[in-house]
Amino acid sequence: MAFLLVGLVTLGAAVITVTTRQLVHAALWLVVALGGLAVEYLLLTAEFIAWVQVLIYVGSVVVLLLFGLMLTRAPIGRSPDADSGNRPVAFAVALVAAAALVWVVVDAFRTTVIDLDGAAQGSTDVTGSILFRHWVLPFEALSVLLLAALVGAIVLSRKKPADAESPSTAARPTAQDPAAEDPAAQDSKAQESKAQESKAHESKAEDLKAQDSKAQEENR
């Protein structure tokens, strides 16, 4: 009875994990789902597998996921991008995958005989022997996958530097560069500036003369 209740709680947490639109809540519900699996292993007297589930998945994978969310600056609240609108297709794929997994497990262990007089199947002796004899390559591949996920999160979190000016652009003369202009154009610009300065001086002189004449008239 306890196995079924914990299984229902784990299933509910897993469903909420893949249906919620808040990424942080999805990570926290994933903790509940993985913790429920650890309790299931304890109920099956596989204590070592249960603690491995807690230490590796709950204590490492979920923390790595949360760090990835923080490093990539994921939205804290509801994210409209978290739902692609393909829930019926995802539900169908999930059902097919679950049916295939159940069929594979039942077919693989249908004729398996467990020696009740030998070591427990969940003990460290049996688990370590099976893991490092038959599952060494998947074990190492999983560690490389986790490392790649961490490196990818760091790369995505880095700010893109400002686009540096390319050498071709730096060497190309611009219209604002006086050294790149034609000498004739520079001479014409210099003459125009001198003419403008002379006009400004003439206008100032005329203003001064007008002010002097007004002052003289007032004194008279």
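Cut-offs and rules
- Residues numbered from 1 in each chain as written.
- Predicted model: local features only at pLDDT ≥ 70, side-chain atom pairs only at ≥ 80, totals over all residues.
- Heavy atoms only, no water.
- Helix = DSSP H or I, 4+ residues; strand = E, 2+ residues; numbered from the N terminus.
- Buried < 20%, exposed > 50% of the residue type's maximum accessible area, 1.4 Å probe, protein only.
- Contact = heavy atoms within 4.5 Å.
- Areas by Shrake-Rupley, 256 points an atom, 1.4 Å probe, with all protein chains shown as cover.
- Axes fitted to C-alpha atoms, helices over the stretch in contact; angles between N-to-C directions.
- Parallel < 35°, antiparallel > 145°, perpendicular 65-115°, else oblique.
- Nonpolar A, V, L, I, M, F, W, Y, C, P; charged D, E, K, R; others polar.
- 1 Å grid on protein atoms, 1.4 Å probe; cavity = no way out; pocket = protein on both sides within 12 Å on 5 of 7 lines; lining within 4 Å.
- Points joined across faces, edges and corners; volume = space filled by probe spheres on them.
- Expected span 1.5 Å × (residues − 1).
- Polar contact = N/O pair within 3.5 Å; in protein donor to acceptor, adjacent residues only side chain to side chain.
- Patch = residues over 30% accessible without salt bridge, like charges linked within 9 Å, V, L, I, M, F, W, Y side chains within 5 Å.
- Salt bridge = Lys/Arg side-chain N within 4 Å of Asp/Glu carboxyl O.

(A) Representation of the overall build of the protein. For the protein, the helix and strand inventory stands at 8 helices and 0 strands. Walking the protein from its N terminus toward its C terminus, one meets helices and strands in the order α-α-α-α-α-α-α-α. A burial count over the protein gives 11% of its 220 residues as buried. For the protein, the share of sequence-separated contacts (at least 6 apart) that also reach a separation of at least 24 residues comes to 64%. On the protein, roughly 17600 Å² of surface is accessible, and the fraction owed to carbon and sulfur atoms is 66%.

(B) Inspection of the environment of Leu66 at higher detail. Looking at the secondary structure, you find Leu66 in helix α3 (residues 47-71). Given a relative accessible area of 24%, Leu66 falls into the partly exposed group. Once the C-alpha coordinates of Leu66 and Leu28 are considered, the two residues, 38 residues apart in sequence, prove to be 8.9 Å apart.

(C) Spatial organisation of the packing of helix α2 (residues 23-43) against α3. It is at 8 Å that the axes of α2 and α3 come closest, and there the two elements cross at 175°. In terms of axis orientation, α2 runs roughly antiparallel to α3. For the pair α2 and α3, the contacting residues are Leu23, Val24, Ala27, Leu30, Val31, Leu34, Gly35, Leu37, Ala38, Tyr41 and Leu42 in the first and Glu47, Ile49, Ala50, Gln53, Val54, Tyr57, Val58, Val62, Leu65, Leu66 and Leu69 in the second. Its residues assigned to classes, the contact of α2 with α3 comprises 19 nonpolar, 2 polar and 1 charged.

(D) Summary view of the side chain of Gln53. With respect to the element layout, Gln53 can be found in helix α3. Setting aside residues no more than four positions away along its own chain, Gln53 makes contact with Leu34, Leu37, Ala38, Tyr41 and Val58.

(E) Examining the layout of surface pockets more closely. Here the largest pocket defines a volume of roughly 1600 Å³. Lining of the largest pocket is provided by 34 residues; of these, Tyr41, Ile49, Thr127, Ile130 and Trp135 occupy positions nearest its centre. The biggest single contributor to the lining of the largest pocket is α3, with 6 residues.

(F) Quick peek at α2. With 21 residues, α2 should reach 30 Å at 1.5 Å per residue; the first-to-last C-alpha distance of 31 Å fits that figure. Of the residues making up α2, those classed as buried are Ala26, Ala27, Ala33, Leu34, Gly36, Ala38 and Glu40. Its buried side turned inward, α2 meets α1 (2-19) and α3. Just beyond α2, the residue with positive phi is Thr45, at close to 60°.

(G) Structural view of the side chain of Thr10. Assignment of secondary structure puts Thr10 in helix α1. Its relative accessible area of 11% is what places Thr10 among the buried residues. In terms of polar contacts, Thr10 uses its side chain to reach the backbone carbonyl oxygen of Val6, at 2.8 Å. Sequence-distant contacts of Thr10, that is, excluding residues within four places in its chain, are made with Ala33, Gly36 and Leu37.

(H) A nonpolar patch on the surface, seen in detail. A surface patch of nonpolar side chains, about 750 Å² in accessible area, is lined by Leu42, Trp51, Leu55, Ile56, Tyr57, Leu142, Leu145 and Leu146. Top contributing element to the nonpolar patch by residue count: α3, with 4 residues. Position of Tyr57 among the secondary structure elements: in helix α3.

(I) Up close: the environment of Val6. Note that Val6 resides in helix α1. Ignoring anything within four residues of it in the chain, the contact list for Val6 reads Gly36, Val39, Glu40 and Leu43.

(J) Spotlight on the environment of Leu69. Counting through the fold element by element, Leu69 comes out in helix α3. Accessibility expressed as a relative area gives 15% for Leu69, which makes it buried.

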